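# Coordinate analysis (summary)
Read off the chains here:
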Amino acid sequence: MSASSGQPAALPEAAAEPEAPDPVAPVRMAFAGAEISEGREWTARSLGMGLLIGALLAVTNLYMGMKTGWWDSGSITATVLGFSGLAAYGRKRGVPYTPLENNLTQTAASSVGAMPASAGLLGALPALAFLGMSVPGWGIAAWGVVLGVLGVLVAGLLRRRLLEQEALPFPTGIATAELISTLHAASPSEARSTPAGRGRTLVGAGVVAMALTWMRDSRGWLPGMVALPGRVGGVGLDALTWGVGMSPMLLAVGMMTGLQLALSMLLGSGLAWGVLAPGLLGTGVVAGAGYESLSAWLMWPGVGLMLGAAVVSLAAQARDFLGAAKDLRSVGASRGGLPRWSLGVAAVTCVLAVVLGRVLFGLGVPSMLLALALLVPLCAVCARGAGQTDVSPVSQMGNLTQVVFGVVRPGELSTNVAAGSVVANASAQIGVSLWSLKAGHLLGASASRQLAAQLVGVAVGALVSVPAYLLLVDAYGLGTAALPVPAAAQFRAVAEVSVRGLAGLPPYAGWGALVGCAVGALLTLASKGRAARWLPSPVAMGIGFLTPAYFAVTLCLGAGMAALARKWSPKTTDAHVPALGSGALVGESLMGLLIAATTALSRSV
């Protein structure tokens, strides 16, 4: 199938609507002049490289997400790694690695990398474990594949409406297309030097990170945290988790997120572990010092901060809900550009979702049908968020579903979390899929081939992510200082409040949650104006409440080092900091997984 044969005929509604301005017309004109839509696309090397890179992204996102609550689509990283790995090889073999192959590589890789979120491994599944529900590995994988496929198909359904008719920016997609165009338009010497330099930086950082993680977690030669001296309220700072983490990953996350988010997280940690925690211990509200005992209380104001921000964000997205309804009416007259075979896949996937919901979580047929009915419009809201602001409000849509089920099915905590995971898991693939489709649209790629690569990526991502998750949980535990899983606390808190109200919370935690919610809402409202750059992020502050304090300290060190390096040498820093951070993330994640695997093997023997 050619790149253009998958495009549907114009919808009837489009004729009556004014033509939307195309904010990326200059970019498309530059690409059109290079004729980069010509050449090979779906090849074994492009797909295989994408799946391999995606497996690394999946492990990295799983490890990073369970520690910090953040994960990355990986489109830019996959583009650079794909070009670094295959461009020189293609030239030697006389079969050049084309821009469309590079685009397919990043498409498959980002789909695989999103599967820890699409399978619920960063939020819903750990929350269910906290509530005492155990889900077998095969069930987690099947659930993740089903919801990941639904997310990809909804993205394909909305593609024509959002990318062609309205031409929403999808900034990550534009950046990916620009990078592919730049790499493949460069002279051979430039093409070799730039990615090769970044590649060496990435590999070197990865090796160092693996060595440090091995010395820390396997040999015990390095501590997990170098504690800060001193006491607060009669409690030692080490008992309050204050220190510097010996973690390349945390330094890398700080480098890549920037000072504002890192300082916001440090502010949250300061309030939680420097003010509230000593007060809770001094008054006897919490019996013992330590992360596990204190975090059981501190999670409530932290989640309140995040939920307050989410409520205001949802209110601000009211227009997006109306736009999503308009999107669905628009695609209702056609398949929205989906190939015919995808309709059969969608039908089978919906049936499997209903069956798995019943078998794994006790969600009856009416409940699953309600969740699936909410899935499409709420995923459409996520799609608009990704297109307009480059942020897909995944957790907010899942939490909104939980609130609905708290009314429909009161008194059932586990089913509330499972219902929220239906929308949240599928939504995790929405932004990732549409960013890739945007890049493909600008490059002249085949949408149907990208869709097929994404579906293959979903299956491979589940096969990689679920065993890695089980190994990490077995080795490090859930809700520990090593794996705090911040998103799981949010799922659990929303379920408990939706089902039980504030009565079942620890003493005074309800007031903490309400105050946190009010502060989160006020900060989000204030950030709409010119003061946005000076105000802390309530979401990052909330994560500071949910993770040990040394996480925020280490992130700030990483962000500070990157900021100083950028002032000293902006060009070099911008070129190598992303590669340095990616290498550190991959290195610690891989070594952490290897240590978990060897620990599991030693126990079995």
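### Some words on the overall build of the protein
Of the regular secondary structure elements, the protein holds 24 helices and four strands. With 605 residues in all, the protein has 55% of them scored as buried. Across the protein, the fraction of contacts at a sequence separation of at least 24, relative to all contacts at a separation of at least 6, is 85%. Surface summary for the protein: the accessible area is close to 23,400 Å², and the carbon and sulfur share equals 68%.

### A look at the packing of helix α3 (residues 44–68) against helix α4 (residues 75–93)
Look at α3 against α4: their axes get within 10 Å of each other, and the N-to-C directions meet at 140°. As summarised for this structure, α3 and α4 are arranged oblique, according to the angle between their axes. Between α3 and α4 lies a crossing whose hand is right-handed. Residues R45, M49, I53 and L57 of α3 form the contact with α4, whose participating residues are A78, L81, G82, G85, L86 and G90.

### Brief notes about a nonpolar patch on the surface
On the surface, a cluster of nonpolar side chains totalling about 560 Å² of accessible area is made up of V497, L502, Y508, W511 and L514. Its location among the elements puts V497 in helix α20 (residues 486–500). On the basis of relative accessibility, which here comes to 36%, the residue V497 falls in the partly exposed class.

### With respect to helix α17 (residues 394–408)
Its 15 residues give α17 an end-to-end C-alpha distance of 21 Å, which sits within 8% of 21 Å, the value for a rise of 1.5 Å per residue. Taken together, the buried positions of α17 are occupied by V394, Q396, M397, G398, N399, T401, Q402, F405 and G406.

### A short note on empty space enclosed by the protein
Under the criterion given, the structure shown has two cavities of 30 Å³ or more. The space that makes up the largest cavity amounts to roughly 100 Å³. L57, T60, N61, M64, D72, G74, T77, M256, S582, L585 and V586 together form the lining of the largest cavity. Among the elements of the structure, α3 and α24 (570–604) are those that each provide at least two residues to the lining of the largest cavity. Looking at the lining of the largest cavity element by element, the count peaks at four residues for α3.

### Points about the pattern of salt bridges
Summed over all chains, the structure comprises 10 salt bridges. A salt bridge links D217 to R216, with the shortest nitrogen-to-oxygen separation between them at 2.8 Å. What makes D217 partly exposed here is its relative accessible area of 29%. The partner of E496 in a salt bridge is R492, and the shortest N-O contact between them spans 3.3 Å. Of this pair, E496 and R492 both sit in helix α20, four residues apart, roughly one helical turn. Here E496 falls in the buried class, since its relative accessible area comes to 9%. Salt bridges here are not isolated pairs; linked through shared partners, they connect R159, R160 and E164.

### Looking at the layout of surface pockets
Using a probe with the size of a water molecule, rolled over the atoms, empty space left in the structure can be pinpointed. Of the voids in this model, the second largest pocket is the one considered here, and its volume is about 380 Å³. At the level of secondary structure, the elements contributing two or more residues to the lining of the second largest pocket comprise α13 (291–316), α17, α20 and α21 (509–526). Looking at the lining of the second largest pocket element by element, the count peaks at seven residues for α13. Grouping the amino acids of the lining of the second largest pocket by side-chain chemistry returns 15 nonpolar, four polar and no charged.

### Description of the packing of aromatic side chains
In the structure shown here, the tally under the stated rule is four aromatic pairs. Seen in terms of ring centroids, W214 and W221 are 5.4 Å apart; in terms of plane orientation they differ by 85°. Their pairing is edge-to-face. We classify W214 as partly exposed; its relative accessible area is 34%. Considering the side-chain rings of Y550 and F551, the 5.0 Å spacing of their centres and the 70° angle between planes classify their relative orientation as edge-to-face. The pair Y550 / F551 is uniform in exposure class, with both members buried.

Rules of the game
- Residues numbered from 1 in each chain as written.
- Predicted model: local features only at pLDDT ≥ 70, side-chain atom pairs only at ≥ 80, totals over all residues.
- Heavy atoms only, no water.
- Helix = DSSP H or I, 4+ residues; strand = E, 2+ residues; numbered from the N terminus.
- Buried < 20%, exposed > 50% of the residue type's maximum accessible area, 1.4 Å probe, protein only.
- Contact = heavy atoms within 4.5 Å.
- Areas by Shrake-Rupley, 256 points an atom, 1.4 Å probe, with all protein chains shown as cover.
- Axes fitted to C-alpha atoms, helices over the stretch in contact; angles between N-to-C directions.
- Parallel < 35°, antiparallel > 145°, perpendicular 65-115°, else oblique.
- Left-handed = near helix turned anticlockwise from the far one by under 90°.
- Patch = residues over 30% accessible without salt bridge, like charges linked within 9 Å, V, L, I, M, F, W, Y side chains within 5 Å.
- Salt bridge = Lys/Arg side-chain N within 4 Å of Asp/Glu carboxyl O.
- Expected span 1.5 Å × (residues − 1).
- 1 Å grid on protein atoms, 1.4 Å probe; cavity = no way out; pocket = protein on both sides within 12 Å on 5 of 7 lines; lining within 4 Å.
- Points joined across faces, edges and corners; volume = space filled by probe spheres on them.
- Nonpolar A, V, L, I, M, F, W, Y, C, P; charged D, E, K, R; others polar.
- Phe/Tyr/Trp six-rings, centres within 6.5 Å; stacked < 30°, edge-to-face > 60°.

Function cannot be read off these values alone, since they describe shape.
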